[in-house]
Amino acid sequence: MIARLILAALACLLVAFLLTPQSFAWLFVPLTKNGAPPIYTQTGLLSLTLSHLGLVALASLASTIVAVGLGVLVTRPAGREFLPLARTITSIGQTFPPVAVLALAVPAMGFGAGPTLVALFLYGLLPIFENTLTALQNLPPSVIEAARGMGLTRRQRLLQVELPLALPVILAGVRLSVVISLATATIGSTVAAHTLGEVIIAGLLSANTAFVVQGGLIVGLIAVLIYEGFQQVEKATARRIGQMQQE
Amino acid sequence: MIRIENLSKTYGDTTVVQPVSLTIEKGHIAALVGTSGSGKTTLLRMINRLVEPSSGKVWIGDEDAATIAPHLLRRRIGYAIQGHGLFPHRTLAQNIAMVPQLLGWKPRDISDRVDELLTLFQLDPARFRDRMPHQLSGGQQQRVGVARALAARPEVLLMDEPFGALDPVIRAKAQDDLRDIQRQLGTTLVIVTHDMEEAVTLGDRIAVMDKGVLLQYGPPTEILTHPATPFVEALIGKAERPFRLLSLSHIGDIAVPGEAEGPALPRDTSARDALAQCLWLGRDRLAVQGGGVVTLEALRTRAKGDGA
Ligand SMILES: Nc1ncnc2c1ncn2[C@@H]1O[C@H](COP(=O)(O)OP(=O)(O)OP(=O)(O)O)[C@@H](O)[C@H]1O
Ligand SMILES: [Mg+2]
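**Concerning the overall build of chain B**
Helices and strands together make up the secondary structure of chain B, namely 14 helices and twelve strands. Its C-alpha atoms give chain B a radius of gyration of 21 Å, near enough to 19 Å, the size a compact globule of 308 residues would have. Reported as C-alpha extents along the three principal axes, the dimensions of chain B are approximately 60 × 55 × 30 Å. Looking at chain B as a whole, 51% of its 308 residues qualify as buried.

Structure, rendered in structure tokens:
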């Protein structure tokens, strides 16, 4: 209950700051030197935040579709042999540094949102894939047996039984992936994508700590709120199928 | 009717079910018993093709099961397993409605059928229809599992240790209910069990398996009085044999004219319970409702398997 109130307060604070950043200027003044501006105004913070979120949403959506698809594929009899390959691909996606992906993608795609999307997409695959795999491999055997025994086709079993039961764990994977992407997206600004990274980089270049802090704070707050939001949805789905008793 | 002809299953080079042939008459109950790993589940699952037979045939009525697509075959055959296998993300009504839905029943007919089954299994539809499986007791979940298997009025019902996880009191109740419902619907039932007691009380025929071989297939009395091999004899438990035989008859069938003191017992009391009463009360005859008595002498004869 108290946790909810704090979260609601944080959300209000965030919205207020994004809508009227100047009214919070006094907070950031102590971080500035030589009368530098306390609030970043080159581009509106709200517009940067929205485009930051848009990039993350788009990349996460693509990661989710591909990773869940891969997870489903390698748990079907016909796709089992692709399991090691899928593991390798998603692990490389996670271990290959996003900065390097940007560097490689810019010559091909030019500056802007494209390279950032690719980097976030690759980086986000692994948690979703691993969770999908774990969830689909650990479904209650008696339920799957019953579904088969009742005459559901493979497709019906997947859509009506396996995926709904795997949903809470898959969502947990998406949550991790989204939160990682939120932070990672900031580096997109090095290749001219519109993200909150722009504020941080501007702060670094002009030695203005206020910019760095406000960029970081916004990203951090959004991450916390999204993390909590996902957890609520996961709990609701898990509770519905009796995997979690009411607290 | 189910006819099994030379049905066998081989994994690699181990044969887990040696060729088995047996017939289960329409409306009868066949109980499959045997030690763990003897191939009961495998035999059962070959009937609805959850396991593809290595050789042999299964006839459901006069249709060769191998000629029906597996998922269509399974929609015609009820299947209930230990641990019930209810879909945890669906309400009880949705669970029961599954196969009728697959078969394309009208929504109206489905919801009528759901209520009918819930009532049949003593679960008030108004209270239980929209509950989730995890909100039920183990015994209730098991009942819904059986109700779900019966939803589309299958001619044949397969059950694999359906009552294995229930406590003895609830289990006895579940067995009684199952027997009543099966009689009422005329379903042909094959039930796998570890429990000889359950096989004797439920089965019209008992099939005894050991190491993939069908050792004996016959009515309970025959299995009890004329076990085909020492293994069968050991499985039925020599010490329990007289009581099992007694549990097969009702006192109404062995009553003789006469008078006895004390309250009269219902005619469908098992001979076993009557014996217990005689011993406990120290009497040698008990009154039977509707006239007549059951004597200790008659019980003794029954316990030896005579006159069955
Ligand atoms: N898919 C399989 N591959 C290989 N061997 C199997 C397979 N399924 C079952 N078996 C073997 O077949 C034998 C019979 O198994 P089955 O499950 O039919 O036994 P059961 O009589 O039902 O035993 P229980 O009473 O323990 O359930 C066992 O030895 C088992 O290990
Ligand atoms: Mg078994």
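**Some thoughts on unusual backbone geometry**
All names here are of chain B. You will see that Arg153, though not glycine, has its phi angle at about 50°, which is positive. Counting through the fold element by element, Arg153 comes out in the loop between helix H6 (138–150) and strand S7 (156–160). The phi dihedral of Glu161 is positive, around 45°, even though this residue is not glycine. Looking at the secondary structure, you find Glu161 in the loop between S7 and helix H7 (168–185).

**Structural notes on a nonpolar patch on the surface**
Residue and element names in this part refer to chain A. Together, Met1, Ile2, Leu5 and Ile6 give the surface a local cluster of nonpolar side chains, amounting to about 500 Å² of exposed area. Looking at the secondary structure, you find Met1 in the segment before helix H1 (2–19). On the basis of relative accessible area, Met1 is assigned to the exposed category, the value being 75%.

**Considerations on the interface of chain B and chain A**
Across the boundary between the two partners, chain B contributes 24 residues, which contact 21 residues of chain A. Contact between chain B and chain A buries roughly 2,000 Å² in total, counting both sides, with carbon and sulfur atoms accounting for 60%. When the buried surface of chain B facing chain A is broken down by residue, Phe87, His89 and His134 of chain B rank first, second and third, together holding 28% of it. Where chain B packs against chain A, one counts one salt bridge. Of the charged contacts in the structure, one is a salt bridge between Glu145 of chain A and Arg45 of chain B, with a shortest N-O distance of 2.3 Å. Along the contact surface separating chain B from chain A lie seven residue pairs in polar contact (both at pLDDT 80 or more). Of all the secondary structure elements, the ones that give two or more residues to the side of chain B that touches chain A are helix H2 (70–76), strand S6 (77–81) and helix H3 (92–102) of chain B. The element best represented in the side of chain B that touches chain A is H3 of chain B, accounting for four residues.

Cut-off values and rules
- Residues numbered from 1 in each chain as written.
- Chains lettered and ligands numbered in written order.
- Predicted model: local features only at pLDDT ≥ 70, side-chain atom pairs only at ≥ 80, totals over all residues.
- Heavy atoms only, no water.
- Helix = DSSP H or I, 4+ residues; strand = E, 2+ residues; numbered from the N terminus.
- Rg over C-alpha atoms; globule rule 2.2 N^0.38 Å.
- Buried < 20%, exposed > 50% of the residue type's maximum accessible area, 1.4 Å probe, protein only.
- Patch = residues over 30% accessible without salt bridge, like charges linked within 9 Å, V, L, I, M, F, W, Y side chains within 5 Å.
- Areas by Shrake-Rupley, 256 points an atom, 1.4 Å probe, with all protein chains shown as cover.
- Salt bridge = Lys/Arg side-chain N within 4 Å of Asp/Glu carboxyl O.
- Contact = heavy atoms within 4.5 Å.
- Buried area = accessible area lost by both parts, 1.4 Å probe.
- Polar contact = N/O pair within 3.5 Å; in protein donor to acceptor, adjacent residues only side chain to side chain.

Purely geometric numbers; function is a separate question.
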